[in-house]
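An overview of the molecular structure
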Amino acid sequence: MAGGLANKASTDKVLMKGNEAIAEAAIRGGCRFFFGYPITPQNEIPEYMSRRLPEVGGVYLQAESEVAAINMVYGAAAAGARVMTSSSSPGISLKQEGLSYIAACELPCVVVNMMRGGPGLGGIQPSQSDYFQATKGGGHGDYHLIVFGPASVQEAADITCEAFSIADYYRNPVMILGDGALGQMMEPVEFRPVEEPELPPKTWATTGARGRRPNIITSLELEPALLEELNRRLAAKYEKIKRELVRFDTYKLEDAHWAIVAYGMMARVARAAVDKARARGIRAGLFRPISLFPFPYDSLARVAEQVRAFLTVEMSMGQMVEDVKLAVLGKRPVHFYGRTGGVVPTAQEILQALERIIQNEAPQNANGAWQKEGDAGAEGFWATGGFN
Amino acid sequence: MQKVFGRPEALTEAPTHYCPGCTHGIVHRILAEVIDELGVRERTVGVVPVGCAVFAYYYFNCDMIEASHGRAPAVATGVKRVLPGNVVFSYQGDGDLASIGTAEIVHAAARGENITVIFINNAIYGMTGGQMAPTTLPGQKTTTSPSGRDTARAGYPIRVCEMLSTLDGASYIARVSCTSPANVARAKRAVKRAFEVQLSGSGFSLVEFLSSCPTNWGMTPIDALRWIDEKMSAYYPLGEYKVPEGARQGA
Ligand SMILES: Cc1ncc(C[n+]2csc(CCOP(=O)(O)OP(=O)(O)O)c2C)c(N)n1
Ligand code: SF4
């Protein structure tokens, strides 16, 4: 399959697994080096890379561990290459020290986490319980990854392809935060050519000090004032990223009274729940963050002006919901519905959770118009036997 | 007037932070002289460890990367895979290489990774203040083996050269010391051989230095060198452990 794809025009649609599409998109985004270690449910990425990278003059190398893999990424990025690694939750935990070094040294790279249920060894079914780790730093020190949570194979391919120029532009590691379901499912995908931004040459790379002063890549700074300066510089970069990279999507949110917030695969189920709610006369809408760092705080704050309450849905015990609360700042109630450990909430369950909220919120709001609407929804809800 | 002795081009003018009598400095000079003699300074990338040599990037006049504790062979692997035409070396202490980074060094050697490793075995954790290392000799006192390393509880030292020599991917493996002019000359020949092995694309090369830590051993510099000759060399015999066909050193 890999050989065939290489010859296809970039606009042809092909049916591919999420993991394979991510691997192919990475190569089209300029990735030529891949270092990884096997773990379910992302094995198709290294497998695809091992077939395909040699065809384009790249290098695939199976590392002895995730720790080694991320440090190989560190070396390859330092040498100026476009490089990627992928793993799933336990393996991503092992990469955290390396990611902290890479972020501190401002080296570009792309990391894929196809999340599975935790904690500990957990399971191999889809999960979103690494949100905190991905978006709040993960390793030690004041740093951030740029994090995207794609919701389809097409979006995963588009973002992965673009991730390499984003990483180069900001000199920052980019994480593609998917889950087992996104990696395993097959969907039609079209590999669109990316427009590369104007990128400065990597004059900082350690390629050999030929006719110039040596380049040094280090994160050691024993002088407190200078280390603080580094942290201030990084913080300024993160502020720029917050201004420039926020991405989100909405569905039927224009006239919504109830906003469901969900990302990644969970957002697709939530979208179906919005349709189910609408069919019952509930004015529900979906807000889907695509960039998780930077999180779309401001846009979500504007939604708070319009809706009566939020329902955050995640495949976790409640992680992104904290960012939703930060965005809403107490202006509206923020509720949570989550399943975890590999259990994926159904659209029906989300609808039930929404109807429960409407039921509880309705009496507190002396607004005739939506009281009526809420009643309609609630009727249907109770008729189906309530929620558990 | 002819200049007969000067600073190698591969060393910067920065004064090192090493303690008086520490042989880290001699190893730096040997390495720099070899880089100069092979004419590879402008295509050399060095990877330094977490340990006393952490600031070595200030001392070598070539591109340098500071790795996390133990991971220098993985970082060097990443560099070398991207830049196969460059010369890539790592410089690591015994805690770094033989304890926290054991997996990385074993697998870099097993892969036949075409890099050169300079391994500083001083039988102690220098930078953190003299704790027991994986290479600490039986009976040797350290801050975490105050009555001497008890092998019944703390196990036995690791002989890195002997261990790595069993791997097919390892091409050149030697153990040297800098306790006398003759040993320094021998050490330099070993380092040069290791770099030549890399330049010829023959795979993984490593030179282990039995190195002094007078500060944490609680010895004078002279006694420290004597201790290497008498005690360390007995446990860790000097010599070439693995040499590629047709490259044996006549030493
Ligand atoms: C992950 C991690 N663990 C521990 C340390 C603390 N640490 C710094 S140097 C060092 C030991 C270095 O000893 P060695 O490798 O023998 O080198 P030497 O200082 O003797 O040259 C340790 C444990 C660290 N920086 N990072
Ligand atoms: S602590 Fe030991 S190894 Fe470190 S510089 Fe001083 S003498 Fe050398």
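If you're wondering where the values come from, they're calculated on a predicted model, not measured in any experiment.

So, about the interface of chain A and chain B. Residue-level contacts link 34 residues of chain A with 33 residues of chain B. In this assembly, chain A packs against chain B so that about 2,600 Å² is buried in total across both faces, 61% of it on carbon and sulfur atoms. Sorting the residues of chain A by area buried against chain B places A:Glu64, A:Ile216 and A:Leu220 first, and these three jointly supply 19% of that buried surface. Notably, a salt bridge pairs A:Arg212 with B:Asp63, separated by 2.7 Å at the nearest N-O pair.

Counting buried positions along strand β5 (residues 109–115) of chain A gives seven out of seven residues, so the element sits mostly inside the fold. A two-sided burial pattern is seen for β5(A), the buried positions comprising A:Cys109, A:Val111, A:Asn113 and A:Met115 on one face and A:Val110, A:Val112 and A:Met114 on the other.

Residue and element names in this part refer to chain A. The assigned domain composition of chain A is domain 1 (2–194 + 218–244) and domain 2 (248–383). The C-alpha-based centres of domain 1 and domain 2 are spaced at 30 Å. The interface is formed by 32 residues belonging to domain 1 together with 25 residues belonging to domain 2. Interface area, domain 1 with domain 2, both sides summed: about 2,300 Å², of which 57% is carbon and sulfur. It is Gln128, Tyr131 and Phe132 that lose the most area in domain 1 upon contact with domain 2, and together they represent 31% of the buried surface on that side. Our count for the contact surface shared by domain 1 and domain 2 stands at three salt bridges.

Here we come to the pattern of salt bridges. What the rule picks out here adds up to 41 salt bridges over all chains. Where A:Arg339 meets A:Glu349, a salt bridge forms, and the shortest distance between an N and an O atom there is 2.8 Å. Of this pair, A:Arg339 sits in the loop between β15 (334–338) and α14 (347–361) while A:Glu349 sits in helix α14, placing them ten residues apart in sequence. Members of the salt-bridge network, linked through shared partners, are B:Arg29, B:Glu33, B:Glu37, B:Lys188 and B:Lys192.

Here we come to the site of ligand 1. Looking at ligand 1, there are 17 residues lining it, with B:Cys52, B:Asp94, B:Gly95, B:Asp96 and B:Gly126 nearest. More than one chain approaches ligand 1, the contributing ones being chains A and B. One of the backbone nitrogen or oxygen atoms of B:Met127 is found 2.9 Å away from an oxygen atom of ligand 1. In the complex, 75% of the free accessible area of ligand 1, which totals 590 Å², lies under the protein chains. The biggest single contributor to the shell around ligand 1 is helix α3 (residues 94–100) of chain B, with four residues. Taken together, the residues of the shell around ligand 1 sort by class into six nonpolar, eight polar and three charged.

Relative to the helices and strands, A:Thr160 resides in helix α8 (residues 153–170). Among all residues touching A:Thr160, those that are not within four sequence positions of it are A:Ile22, A:Ala25, A:Ala26 and A:Ile176.

Moving on to the environment of A:Met186. In this fold, A:Met186 is placed in strand β8 (residues 186–190). Apart from the residues within four sequence positions on either side, A:Met186 is in contact with A:Leu15, A:Met16 and A:Lys17.

Once that is clear, we can look at the site of ligand 2. Residues and elements named next belong to chain B. Taken together, Tyr18, Cys19, Cys22, His24, Cys52, Asn122, Cys213, Pro214, Thr215 and Asn216 make up all the residues around ligand 2. Per-element accounting of the shell around ligand 2 gives the leading share, three residues, to helix α8 (residues 214–217). Considering only residue class, the shell around ligand 2 consists of six nonpolar, four polar and no charged.

Turning our attention to the packing of aromatic side chains. Geometrically, a pair of aromatic rings is defined through the distance of the ring centres and the angle of the planes. Under the defined criterion, the tally for this structure stands at 16 aromatic pairs over all chains. Ring geometry for A:Tyr131 versus A:Tyr263: centroids 5.6 Å apart, planes at 50 degrees, classification tilted. Here the residue A:Tyr131 occupies a position in helix α7 (residues 131–135), and A:Tyr263 occupies one in the loop between β11 (258–261) and α11 (265–279), the gap between them amounting to 132 residues. On the numbers, 5.5 Å between centres and 20 degrees between planes, the contact of B:Phe55 with B:Tyr58 is stacked. Of the residues examined, B:Tyr58 reaches a relative accessible area of 41% and is grouped as partly exposed. Ring pairing ties together the aromatic residues B:Phe60, B:Phe89, B:Tyr91 and B:Phe195, which thus form one cluster.

The rules behind the values
- Residues numbered from 1 in each chain as written.
- Chains lettered and ligands numbered in written order.
- Predicted model: local features only at pLDDT ≥ 70, side-chain atom pairs only at ≥ 80, totals over all residues.
- Heavy atoms only, no water.
- Contact = heavy atoms within 4.5 Å.
- Buried area = accessible area lost by both parts, 1.4 Å probe.
- Salt bridge = Lys/Arg side-chain N within 4 Å of Asp/Glu carboxyl O.
- Buried < 20%, exposed > 50% of the residue type's maximum accessible area, 1.4 Å probe, protein only.
- Helix = DSSP H or I, 4+ residues; strand = E, 2+ residues; numbered from the N terminus.
- Domains from an automatic or database assignment.
- Near = heavy atom within 4 Å.
- Polar contact = N/O pair within 3.5 Å; in protein donor to acceptor, adjacent residues only side chain to side chain.
- Areas by Shrake-Rupley, 256 points an atom, 1.4 Å probe, with all protein chains shown as cover.
- Nonpolar A, V, L, I, M, F, W, Y, C, P; charged D, E, K, R; others polar.
- Phe/Tyr/Trp six-rings, centres within 6.5 Å; stacked < 30°, edge-to-face > 60°.

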